[in-house]
Amino acid sequence: MKIAVDAMGGDNAPEVVVKGVQAARDKWPDLEFMLFGDLAKVKPLITDETRIELVQADSEILNEDEPVKAVRQKKDSSMVMAAQAVKSGAAEALFSLGNTGALLATGIFVIGRIKGIERPALMPTLPTVNPEHVVNLLDAGANAESKPSYLEQWALMGTIYARDIRNIANPRVALLNNGTEFDKGDSLHKEVYQRLQANDAINFVGNIEAGSLLLDQADVIVTDGFTGNAVLKATEGMSGLLLKQIKQALLNNGLGVKLGAALIKPALGDIKNRFSTSGNGGAVLLGVNAPVIKTHGGSHEAAVVSTIGQIREMLAKKTIHQVIDYLKENPIK
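Everything numeric in this text was worked out from a predicted model, so none of it was measured.

### Here we look at the sheet that holds strand E2 (residues 32-37)
Link 1 in the chain: Strand order in the open sheet formed by seven strands is E3-E2-E1-E4-E12-E11-E5, with mixed pairing between adjacent strands. Each edge of the open sheet is held by one strand with a lone partner, namely strand E3 (52-56) and strand E5 (121-123). On average, each strand axis in the sheet is tilted by 25° relative to the strand beside it, whichever way the strands run.
Link 2 in the chain: Sheet topology places E5 next to strand E11 (residues 283-286); three bridges connect them, and they run antiparallel. Residue pairing in the sheet places Ala121 in a bridge with Leu286 of E11.
Link 3 in the chain: Against the sheet, helix H6 (residues 148-165) engages E5 and E11, with an angle of about 125° to E11.

Listed below in structure tokens is the structure:
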């Protein structure tokens with residue numbers, strides 16, 4: 001299994017990317033890598049080139065670049081060249097920590113959409129109140145506007161992913177809405193509710209409100225991309241704010257409180273780790289012809305290794321091929 005890696009993407013590239021790739025290579029003997037980037041910066045970081053192919057890329061897509069324009073104009077960039085390797089069959093999956101919008105555009109315009117999928121969706125994995133369970137949310141921002149058929153297709157892809165990668169026999173699928181009653185929401189959500197309820201391939205458990213997003217009431221939650229992106233950022237922002245406020249309260253209130261803080265520090269560390277980008281893997285662009293996965297630009301080595309493990313699972317279980325095969329037999333329009 002060969003993964004094409006954008007070595008120049010992310011806040012700490014290429015150091016973090018190269019360290020993570022080498023650690024993943026040592027952990028999983030069945031993986032090979034193609035690293036695309038400025039070899040003057042990348043090659044000195046490589047301690048062992050076993051199962052790592054280095055490819056020179058003369059430019060990189062920056063966070064401030066306009067995504068579609070950058071993909072079209074920077075064909076010699078590390079991200080676009082990595083995607084071209086996947087399209088040509090030289091590699092089987094694309095991994096980047098870089099510009100999210102550009103990676104979405106690269107997946108759609110270079111690797112291409114699965115036939116029968118009208119719009120790909122961005123799907124992160126989020127922690128829940130149950131330490132043993134996570135939840136997948138899609139779409140988290142690939143599409144500003146959506147149609148009912150999009151959400152039904154996303155629910156199907158999320159189901160296949162949760163079954164194969166998370167080993168859930170019959171994943172619970174919920175629709176993010178402004179109430180739990182069946183008749184809640186605008187015309188889009190009302191029609192999506194009926195579609196999901198009528199689709200025998202989807203274990204639809206009804207509407208779910210944003211306040212219940214992380215309460216382990218569903219394994220897959222579908223929503224339009226505008227709402228999903230807003231909810232995701234609000235959830236991430238609130239979790240970060242709460243941890244910061246707890247830390248300040250414990251450190252700024254006298255010796256007794258500080259001693260108490262020392263006692264509960266391990267528990268707070270566990271909570272922080274559960275909500276970090278390291279353990280839950282990256283966000284998958286579902287709906288394109290190969291695994292395309294993005295992890296947070298500020299991630300460290302452990303997050304890179306975790307995400308590569310996620311890609312390995314998708315390749316081993318042929319998750320994308322299962323979506324393709326299902327839609328051949330059961331088109332959704």
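### Quick word on the pattern of salt bridges
Link 1 in the chain: Taken as a whole and judged by the stated rule, the model has twelve salt bridges.
Link 2 in the chain: Between Lys2 and Glu53 there is a salt bridge whose closest N-O contact spans 3.9 Å. Placement of the pair is Lys2 in strand E1 (residues 2-6) and Glu53 in strand E3, with a sequence separation of 51 residues.
Link 3 in the chain: Glu53 gets classed as partly exposed once you look at its relative accessible area, which sits at 38%.
Link 4 in the chain: As a salt-bridge pair, Arg312 and Asp30 come within 3.0 Å of each other at their nearest N and O atoms. Linking Arg312 in helix H10 (residues 301-316) with Asp30 in the loop between helix H1 (15-27) and E2, this pair joins segments that are 282 residues apart in sequence.
Link 5 in the chain: A residue is classified by how much of its surface remains accessible, and Asp30, at 31% relative accessible area, is partly exposed.
Link 6 in the chain: Overlapping salt bridges bring together Arg166, Arg172, Asp216 and Asp219 as one network.

### Here we look at the nonpolar core
Link 1 in the chain: Membership of the largest hydrophobic core comes to 59 residues, with the highest contact counts inside it found for Ile3, Phe33, Leu35, Leu286 and Ile308.
Link 2 in the chain: In terms of residue count, the dominant contributor to this core is H6 (ten residues).
Link 3 in the chain: The contact partners of Leu286, leaving out residues within four places of it in the chain, are Pro120, Ala121, Met123, Leu138, Met157, Gly158, Tyr161, Met314 and Ile320.
Link 4 in the chain: In terms of nonpolar packing, the next biggest core, distinct from the first, is built from 27 residues, Ala4, Val71, Ala102 and Ile111 among them.

### Here's the deal with the packing of H6 against helix H7 (residues 187-198)
Link 1 in the chain: The geometry of H6 relative to H7 is characterised by a closest axis approach of 9 Å and an angle of 40° between their N-to-C directions. Considered as vectors, H6 and H7 are oriented oblique to each other. In the packing of H6 onto H7, the handedness of the crossing is right-handed. On H7, the residues touching Pro148, Ser149, Leu151, Glu152 and Ala155 of H6 are Leu188, Glu191, Val192, Arg195 and Leu196.
Link 2 in the chain: Partitioning the contact of H6 with H7 into residue classes produces six nonpolar, one polar and three charged.

### Section: the sheet that holds strand E6 (residues 125-127)
Link 1 in the chain: If you walk across this open sheet you meet the five strands as E6-E7-E10-E8-E9, and the pairing is mixed. Whereas interior strands pair on both sides, the edge strands pair on one side only; in this sheet they are E6 and strand E9 (203-208). In this sheet, neighbouring strand axes are inclined to one another by 30° on average, regardless of whether the strands run parallel or antiparallel.
Link 2 in the chain: With three bridges connecting them, strand E7 (residues 134-138) and strand E10 (residues 220-222) associate as parallel partners. Bridge pairing in E10 links Asn136 to Val220.

### Some thoughts on the packing of aromatic side chains
Link 1 in the chain: Scanning the model with the defined rule gives two aromatic pairs in all.
Link 2 in the chain: A centroid spacing of 6.1 Å and a plane angle of 45° characterise the contact between Tyr150 and Trp154, whose relative ring orientation is tilted. Here the residue Tyr150 and the residue Trp154 both occupy positions in helix H6, the gap between them amounting to four residues, near one helical turn.
Link 3 in the chain: For Tyr150, a relative accessible area of 5% corresponds to the buried category.
Link 4 in the chain: Judged by centre distance (5.0 Å) and plane angle (80°), the rings of Tyr193 and Phe204 are edge-to-face. Of this pair, Tyr193 sits in helix H7 while Phe204 sits in strand E9; the two residues are eleven residues apart in sequence, bridging distant segments of the chain. Assigned by exposure class, Tyr193 and Phe204 land together as buried.
Link 5 in the chain: The aromatic ring of Phe109 is capped on one face by Arg72, whose charged end is 5.8 Å from the ring centroid.

Calculation notes
- Residues numbered from 1 in each chain as written.
- Predicted model: local features only at pLDDT ≥ 70, side-chain atom pairs only at ≥ 80, totals over all residues.
- Heavy atoms only, no water.
- Pairing = 2+ DSSP bridges.
- Helix = DSSP H or I, 4+ residues; strand = E, 2+ residues; numbered from the N terminus.
- Axes fitted to C-alpha atoms, helices over the stretch in contact; angles between N-to-C directions.
- Contact = heavy atoms within 4.5 Å.
- Salt bridge = Lys/Arg side-chain N within 4 Å of Asp/Glu carboxyl O.
- Buried < 20%, exposed > 50% of the residue type's maximum accessible area, 1.4 Å probe, protein only.
- Core = buried A, V, L, I, M, F, W, Y, C linked by side-chain atoms within 4.5 Å.
- Parallel < 35°, antiparallel > 145°, perpendicular 65-115°, else oblique.
- Left-handed = near helix turned anticlockwise from the far one by under 90°.
- Nonpolar A, V, L, I, M, F, W, Y, C, P; charged D, E, K, R; others polar.
- Phe/Tyr/Trp six-rings, centres within 6.5 Å; stacked < 30°, edge-to-face > 60°.
- Lys NZ or Arg CZ within 6 Å of the ring centre and 35° of its normal.

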